[in-house]
Amino acid sequence: MNRFVIAGVQQGWLVSDYATATNPMIQTHVSLNHQLAEINFLYKSYMQFGDRTDKDLADMMLYGVVNLGSQWILGNGDLHYAYFPDGTFGRPDYPFLTYNDLVETQRLYRQLHGMDEMTLAMLIDSKLMWMQLNNVQYR
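So, a few notes on the structure that sits alongside this text. (Residues numbered from 1 in each chain as written. Predicted model: local features only at pLDDT ≥ 70, side-chain atom pairs only at ≥ 80, totals over all residues. Heavy atoms only, no water.)

**Some points on unusual backbone geometry**
Consideration 1: The phi dihedral of R91 falls on the positive side, at around 70°, and the residue is not glycine.
Consideration 2: For R91, the position within the fold is in strand β5 (residues 89–92).
Consideration 3: By relative accessible area, which is 47% here, R91 ends up partly exposed.
Consideration 4: Backbone geometry places N135, a non-glycine residue, at a positive phi of 50°.
Consideration 5: On the secondary structure map, N135 appears in the segment after α4 (118–133). (Helix = DSSP H or I, 4+ residues; strand = E, 2+ residues; numbered from the N terminus. Buried < 20%, exposed > 50% of the residue type's maximum accessible area, 1.4 Å probe, protein only.)

Structural data, given as structure tokens:
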């Protein structure tokens, strides 16, 4: 219930980061790195246990990221940390954590689909360029 439907060639979902027992319907932001970490968990779960619903949900969540494409990218090449309920982006991203999550999502996607996902590649390249220009150490 706590998701944003993102239109595209394939409909996608962005899943809200937080909810509370007292207000489970509250609309909160979606952190890009949290979205990617959950996609990675679901892809790994699918590869381990073979439950197709894990892969289908991961793909749906990935489409949420991919459908927004270059909107994640700031003018300086860094990425926005979050997507907000009003459709805006904001907050400073982590120096390299999101990059690592993107690389892992791409690795898993490639393993499952036999090719790179081009929007992920664009986000990876942009974040890497920003990290290199800002002397951010990463692994």
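**With respect to the pattern of salt bridges**
Consideration 1: Applying the stated criterion to the full structure yields 7 salt bridges.
Consideration 2: Notably, a salt bridge pairs D59 with K55, separated by 2.8 Å at the nearest N-O pair. Within this pair, D59 and its partner K55 are both found in helix α2 (residues 52–68), separated by 4 residues, close to a single helical turn.
Consideration 3: You can call D59 buried: its relative accessible area is 9%.
Consideration 4: Salt-bridge contacts for D78 lead to K127; the nearest nitrogen and oxygen are separated by 2.5 Å. Taken together, the positions of D78 in the loop between α2 and β4 (80–83) and K127 in helix α4 put the pair 49 residues apart, joining distant regions of the chain. Each of the two residues, D78 as well as K127, counts as buried. (Salt bridge = Lys/Arg side-chain N within 4 Å of Asp/Glu carboxyl O.)

Any functional reading would require information beyond the geometric quantities listed.
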